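Geometric and topological summary
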Amino acid sequence: MTMSIEKELWGKAPCGKDIFRYTLKNSKGAYVQLSSVGAGITAVAVPDREGKIEDVLLGYKDPLSYFDDGPCAGKVPGRYANRIAKGHFTLDGKEYTLPVNNGPNHLHGGPQGFQNQVWDSRINEGGVEFMYYSEDGEMGYPGALKAVVRYEWSEENELRLTLTAESDAPTVVNLTNHAYFNLNGEGSGSVLGHELRLNASEYLPTDDSLIPVGESEPVAGTPMDFVVAKTLGRDIKTDFPALRYGKGYDNCWVIDGAEPGQLQTAAELYAPESGRLLEVITTQPGVQVYTGNWLAGCPEGKCGRSYNDYDGVAIECQHFPDSPNHPDYPSTVLRPGETFEEAIVFVFKVK
């Protein structure tokens, strides 16, 4: 058996569009499932150290649960992933106003962001591609933007995402994937025993609404230090501003040695219990780590219950939050004739 890709009708969206689900399976039986809601990942089933294949990605039973869910589970948020302060930014001297949907701020492109849209989809050249066309002025953003997300699954249990976008007018864009992982299995409880290592010696401190206050600061001597692997739970209850504001980790780290267009290891996540190891590699300059601090009350998961806080961790490779308001951050401006292109690779191993 070689790599197979199957397409099925999974449901119908409230807007009337068909929702498709794709299953990409390799010869070892490890598989990934993708959905046209938010160009999302809905399952990742990989072996543990004993060879037992289990789904390690948080997600829902019902395809309709993927619309307007608080966690944004497995999906591609946009046009701007993460936060923009007070829903305002200025581009080429003109101010733009975006809907505020997260305290005082704009989050993940607003209430009708890319994650809540049904994308066009197709199987193409051994992968699956999703395309979304965002109208000029949609959620307040300038320029008509075409976004394409391509997924490929390998015999080595590598899930590769390529995120591209083009616009007909100057705009801002920040695309990532908001997958939550639990390497012991998606319904197995807390991830606070997972060990995380980040290739990041600096992070972005924020205000209490999780907007970066300015320059990055060293992680050394703080609970934000994951340069040497430690469990997610070790310092999570420490009395430290970042951890108080978010009820856990919800910050952006600056990836050491990041260069535009160059793949660089961002993170390694390890579950001692199952032996599963996830390496995250990316071309992006930052990695937002979110320990699922507000998962409780989300729709019913694949495991047959709603997830609890800290049942999964999101490792979101992206540009920095609020970059449009920080000229010193790597630019998120996209102009006509340019292509936004970033890659994220999730590599699943055992040890």
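Now for a quick tour of the structure. (Residues numbered from 1 in each chain as written. Predicted model: local features only at pLDDT ≥ 70, side-chain atom pairs only at ≥ 80, totals over all residues. Heavy atoms only, no water.)

Brief notes about a negative patch on the surface
A cluster of acidic residues, Glu202, Glu215, Glu217 and Asp328, forms a negative patch on the protein surface. Summarising the element assignment, glutamate 215 is placed in the loop between β17 (202–203) and β18 (217–218). On the basis of relative accessibility, which here comes to 64%, the residue glutamate 215 falls in the exposed class. (Patch = residues over 30% accessible without salt bridge, like charges linked within 9 Å, V, L, I, M, F, W, Y side chains within 5 Å. Areas by Shrake-Rupley, 256 points an atom, 1.4 Å probe, with all protein chains shown as cover. Salt bridge = Lys/Arg side-chain N within 4 Å of Asp/Glu carboxyl O. Lys, Arg positive; Asp, Glu negative; His and termini not counted. Charge placed at Lys NZ, Arg CZ, Asp CG, Glu CD. Helix = DSSP H or I, 4+ residues; strand = E, 2+ residues; numbered from the N terminus. Buried < 20%, exposed > 50% of the residue type's maximum accessible area, 1.4 Å probe, protein only.)

Structural notes on the side chain of glutamate 138
With respect to the helices and strands, glutamate 138 occurs in the loop between β11 (127–134) and β12 (145–153). Among the polar contacts made by the side chain of glutamate 138, one reaches the side chain of tyrosine 132 at a distance of 2.8 Å. (Polar contact = N/O pair within 3.5 Å; in protein donor to acceptor, adjacent residues only side chain to side chain.)

Quick word on the sheet that holds strand β23 (residues 286–290)
On the basis of which strands lie adjacent, the open sheet formed by six strands has the order β15-β24-β23-β20-β17-β18 and antiparallel pairing. Sheet topology places β15 (180–181) and β18 at the edges, where each strand pairs with a single neighbour. (Pairing = 2+ DSSP bridges.)

Regarding the nonpolar core
In this structure, Ile41, Trp253, Phe346 and Phe348 are the most contacted members of the largest nonpolar core, which totals 65 residues. A per-element tally of this core places β12 first, with five residues. Once residues within four sequence positions are removed from consideration, phenylalanine 348 is found in contact with Val44, Val46, Val56, Trp153, Glu156, Asn157, Phe181, Leu183, Leu277 and Leu278. Formed by 16 residues, the second largest nonpolar core is a distinct cluster that contains Trp10, Ala13, Leu295 and Tyr307. (Core = buried A, V, L, I, M, F, W, Y, C linked by side-chain atoms within 4.5 Å. Contact = heavy atoms within 4.5 Å.)

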